[in-house]
Amino acid sequence: MVDQELLSLLICPNCRGEVEYREEQQVVACTGKCRYVYPVVKGIPHMLVAEATKS
Ligand SMILES: [Zn+2]
């Protein structure tokens, strides 16, 4: 689980777009321009471009 309040504060560090949590994949995905996918480790989204993968 990722805290909803935390999620509402998150933005994509690459394009500053909005992000969405995908619980079944345990990732936070950018829904803005870049579509980067950030890993969630133990409930903590890692919003780092260095750890992102492209979807
Ligand atoms: Zn983005």
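Let us look at the structure shown here. Computed from a predicted model, the values in this text were never measured in an experiment.

**Examining the pairing of strand S3 (residues 36-41)**
Part 1 of the argument: Here strand S2 (residues 27-30) runs beside S3; their pairing, made up of 3 bridges, is antiparallel. Looking at S3, one finds that valine 28 is bridged to tyrosine 38.
Part 2 of the argument: The antiparallel pairing of S2 with S3 creates a hairpin that spans 5 residues between the two strands, and arginine 35 there sits at a positive phi of about 65°.
Part 3 of the argument: Note that S3 and strand S5 (residues 53-54) share 2 bridges and pair antiparallel. Residue pairing in the sheet places tyrosine 36 in a bridge with lysine 54 of S5.
Part 4 of the argument: Here S3 hands over to strand S4 (residues 44-45) after 2 residues, with lysine 42 in that stretch at a positive phi of 50°.

**Structural notes on the nonpolar core**
Part 1 of the argument: Formed by Cys12, Val19, Val27, Val28, Cys30, Tyr36, Tyr38 and Ala52, the largest nonpolar core amounts to 8 residues.
Part 2 of the argument: Per-element accounting of this core gives the leading share, 3 residues, to S2.
Part 3 of the argument: In contact with cysteine 12, other than residues within four places in its own chain, are Gly17, Val19, Cys30, Gly32, Cys34 and Tyr36.

**Description of unusual backbone geometry**
Part 1 of the argument: For arginine 16, which is not glycine, the phi dihedral falls at a positive 65°.
Part 2 of the argument: With respect to the helices and strands, arginine 16 occurs in the loop between helix H1 (4-9) and strand S1 (19-22).
Part 3 of the argument: Under the C-beta neighbour-count criterion, arginine 16 is labelled exposed, with 11 such atoms within 10 Å.
Part 4 of the argument: In this structure, glutamine 26 is a non-glycine residue whose phi angle is positive, near 55°.
Part 5 of the argument: Along the chain, glutamine 26 turns up in the loop between S1 and S2.

Scoring rules and cut-offs
Residues numbered from 1 in each chain as written. Predicted model: local features only at pLDDT ≥ 70, side-chain atom pairs only at ≥ 80, totals over all residues. Pairing = 2+ DSSP bridges. Helix = DSSP H or I, 4+ residues; strand = E, 2+ residues; numbered from the N terminus. Core = buried A, V, L, I, M, F, W, Y, C linked by C-beta atoms within 7 Å. Buried ≥ 20, exposed ≤ 12 C-beta atoms within 10 Å, placed from the backbone. Contact = placed C-beta atoms within 7 Å.

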